[in-house]
Amino acid sequence: MSMINYASREINCKLVYYGPGLGGKTTNLEHVFGKVNPNARGKLISLATETERTLFFDFLPVDLGTVRGFKTRFHLYTVPGQVYYNASRKLILKGVDGVVFVADSQLERMEANIESMQNLYDNMSEYGYDLTKIPFVVQYNKRDLPNAAPIKDLQAALNPGWPLADPAKQKAAPDPAIPGEFLVQQLPTGEWVERAPILEAVAVTGEGVFETLKAVSKLVLKSLG
Amino acid sequence: MPGASSWSFKEEDFKAISEQMNSLLRETNVKSLLLVDRSGQVVANVGEPPQFDPQAFASLTAADFSANDQLAKMIGEHEFSSLFHQGEKESMYLADIAHRVILVALFDSRTTLGMVRLKVKVTVEELTRLFEAMFARGETAAPKLEGFASKEAEDEIDKLFG
């Protein structure tokens, strides 16, 4: 729910980092917190357990700068990844403008990824939000690990695409971030599908973190026009 | 509805909201009043400038209210329309407005809970009318910002990330 204040010429948008537990959502925010000029960001608020697992959410407000004369402020939230915390996870999605799904690339986390993605679709639809129509990107995190699954396997499991009925949009569109991957593509069956843009990341070193934030905030700001 | 609903308000709306809040401030002697939307954004703020990060405060307020809504449902209530948090010196009283916004009153021993509750009730009614009229106009929904889909806007966004 972006809030536009014409009096102060400010736009406030809400981004939510979603994904399975221990996938790197909080690490993404911590990296942004560490790298952004302190004048351009607020405090990083973490509602976490004693063992530093996110209990309710992490929150970080970031001023991106001015676009078309409007000050743009993004509120970054993470959700608790553990299955157990679904009630609080769902609350964070209220009024969301853009979603980043942080997937854990490790082979053994494939099932947790799939479960979390399904949970995201379910929780969004309970609010009446359609994930295929709002700004949404997928980040494949932990790409540096030796047990990281190949991108094409992750794509097949987590981002196979949704049917694209509009003939005007049925034109093959490569994903600019990953060679060989497509945002819009015709399947061998003849069906056209659209996918969420993807990014590779190693959040602990910061690799891909800002690229992800840029990709999703660009989609959000464009959606306002 | 394609995505999450957006909303915006005009200068005259903002003025009317601020007037209501300022009059409540004078009548109750609370330290400050904040208006926060349900997604956790600060809408307005009057009174003593807060000594804390208002954005963090707003996000926690929204979460607080949402969590309490769920608790209400669990015990068979539709909602808790107001919440009160009592501290040793500082207290806060939160009230729902039109299911979209939360009014937060921060106060200390210079006033009483009874007074705050009484006066907030009247302001909540006024603000509910204001917000409902704003939402009913439809102008608050999914506003389109001129030029945001343009190439120039895209270049500006690219520049922000260096």
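Note that the structure is predicted; figures quoted are calculated from it, not measured.

1. Digging into the overall build of chain B
Here comes step 1: Secondary structure assignment for chain B yields four helices and six strands.
Here comes step 2: The order of α-helices and β-strands along chain B, N terminus first, is β-α-β-β-α-β-β-β-α-α.
Here comes step 3: With the principal axes as the frame, chain B shows a C-alpha extent of 55 × 40 × 30 Å.
Here comes step 4: Across the 162 residues of chain B, 38% fall into the buried class.
Here comes step 5: In chain B, once contacts between residues fewer than 6 apart in sequence are set aside, the share between residues at least 24 apart is 50%.

2. As for the overall build of chain A
Here comes step 1: Scanning chain A for helices and strands turns up five helices and twelve strands.
Here comes step 2: Here the C-alpha atoms of chain A give a radius of gyration of 17 Å, agreeing with the 17 Å that 2.2 N^0.38 yields for 225 residues.
Here comes step 3: For chain A, the spread of C-alpha atoms along the principal axes amounts to about 50 × 40 × 35 Å.
Here comes step 4: The 225 residues of chain A split such that 47% are buried.
Here comes step 5: By sequence separation, contacts in chain A at least 24 residues apart represent 65% of the contacts at least 6 residues apart.

3. Remarks on the interface of chain B and chain A
Here comes step 1: Contact with chain B, which involves 38 residues of that partner, is made by 40 residues of chain A.
Here comes step 2: Counting residues per element, the ones that place at least two in the side of chain B that touches chain A are strand 1 (7–9), helix 1 (11–28), helix 2 (54–74) and helix 4 (151–160) of chain B.
Here comes step 3: With eight residues, the single largest contributor to the side of chain B that touches chain A is helix 2 of chain B.
Here comes step 4: Looking at the side of chain B that touches chain A residue by residue, the classes come out as 18 nonpolar, 13 polar and seven charged.
Here comes step 5: For strand 1 (residues 3–5) of chain A and strand 1 of chain B, the ladder comprises three bridges, and the chain directions are parallel. The residue bridging A:Met3 from the neighbouring strand is B:Trp7, located in strand 1 of chain B.

4. Observations regarding the packing of helix 1 of chain B against helix 3 (residues 113–136) of chain B
All names here are of chain B.
Here comes step 1: Interaxial distance between helix 1 and helix 3 falls to 10 Å at its minimum, and their mutual angle equals 175°. Considering their axes alone, helix 1 and helix 3 lie roughly antiparallel with respect to each other. Taken together, the residues of helix 3 that come into contact with helix 1 (itself represented by Asp-13, Ala-16, Ile-17, Gln-20, Leu-24, Glu-27 and Thr-28) are Met-115, Val-116, Lys-119, Val-120, Thr-123, Glu-126, Leu-127, Leu-130 and Met-134.
Here comes step 2: Partitioned by chemical class, the residues of the contact of helix 1 with helix 3 number nine nonpolar, three polar and four charged.

5. Concerning the environment of A:Leu64
Here comes step 1: With respect to the secondary-structure elements, A:Leu64 resides in strand 4 (residues 54–67).
Here comes step 2: Put simply, A:Leu64 and A:Lys214 are 150 residues apart on the chain and 9.7 Å apart in space, counted from C-alpha to C-alpha.

6. What to know about the environment of A:Ser2
Here comes step 1: Inspection of the secondary structure puts A:Ser2 in the segment before strand 1.
Here comes step 2: Put simply, A:Ser2 and A:Asn12 are ten residues apart on the chain and 5.5 Å apart in space, counted from C-alpha to C-alpha.

7. Looking at the pairing of strand 5 (residues 70–78) of chain A
Residues and elements named next belong to chain A.
Here comes step 1: For strand 5, a buried count of eight out of nine residues is recorded, marking the element as mostly surrounded by other parts of the structure.
Here comes step 2: Of the strand pairs in this sheet, strand 2 (residues 10–18) and strand 5 are connected by eight bridges, and their pairing is parallel. Within strand 5, the position partnered with Cys-13 by the bridge is Phe-74.
Here comes step 3: Pairing geometry for strand 4 and strand 5, over nine bridges, is antiparallel. Across the sheet, residue Phe-59 finds its bridge partner in strand 5, namely Tyr-77.
Here comes step 4: Following strand 4, the chain reverses through two residues before pairing antiparallel with strand 5; Arg-68 in that reversal takes a positive phi of roughly 50°.

8. Examining the nonpolar core
Here comes step 1: Within the largest apolar cluster, 93 residues are counted, with the highest numbers of intra-cluster contacts made by A:Val16, B:Val36, B:Leu103, B:Val104 and B:Ala105.
Here comes step 2: Discounting chain neighbours no more than four positions away, the residues touching B:Ala105 are B:Val30, B:Leu33, B:Met92, B:Tyr93, B:Val116 and B:Val120.

9. Details of the sheet that holds strand 8 (residues 162–163) of chain A
Here comes step 1: With antiparallel pairing, the four strands of this open sheet are ordered in space as 8-11-10-9 (chain A). Both edges of this open sheet fall to strand 8 and strand 9 (173–174) of chain A, since each of them pairs with a single strand only.

10. Comments concerning helix 2 of chain B
All names here are of chain B.
Here comes step 1: Along its 21 residues, helix 2 runs 30 Å from first to last C-alpha, staying within 8% of the 30 Å computed at 1.5 Å per residue.
Here comes step 2: Of all the positions in helix 2, only Gln-55, Phe-57, Ala-58, Ser-59, Thr-61, Ala-62, Ala-63, Phe-65 and Ser-66 are classed as buried.
Here comes step 3: Positive phi appears at Gly-76, one or two residues downstream of helix 2, with a value of about 90°.

11. Let's talk about the domain arrangement of chain A
Residue and element names in this part refer to chain A.
Here comes step 1: By domain assignment, chain A separates into domain 1 (3–147 + 196–223) and domain 2 (160–195).
Here comes step 2: Put simply, the middle of domain 1 and the middle of domain 2, counted by C-alpha atoms, are 24 Å apart.
Here comes step 3: The partner domain 2 presents seven residues to the six residues of domain 1 that form the contact.
Here comes step 4: Grouping the constituent residues of the side of domain 1 that touches domain 2 by class yields four nonpolar, one polar and one charged.

Conventions and cut-offs
Residues numbered from 1 in each chain as written. Chains lettered and ligands numbered in written order. Predicted model: local features only at pLDDT ≥ 70, side-chain atom pairs only at ≥ 80, totals over all residues. Helix = DSSP H or I, 4+ residues; strand = E, 2+ residues; numbered from the N terminus. Buried ≥ 20, exposed ≤ 12 C-beta atoms within 10 Å, placed from the backbone. Contact = placed C-beta atoms within 7 Å. Rg over C-alpha atoms; globule rule 2.2 N^0.38 Å. Nonpolar A, V, L, I, M, F, W, Y, C, P; charged D, E, K, R; others polar. Pairing = 2+ DSSP bridges. Axes fitted to C-alpha atoms, helices over the stretch in contact; angles between N-to-C directions. Parallel < 35°, antiparallel > 145°, perpendicular 65-115°, else oblique. Core = buried A, V, L, I, M, F, W, Y, C linked by C-beta atoms within 7 Å. Expected span 1.5 Å × (residues − 1). Domains from an automatic or database assignment.

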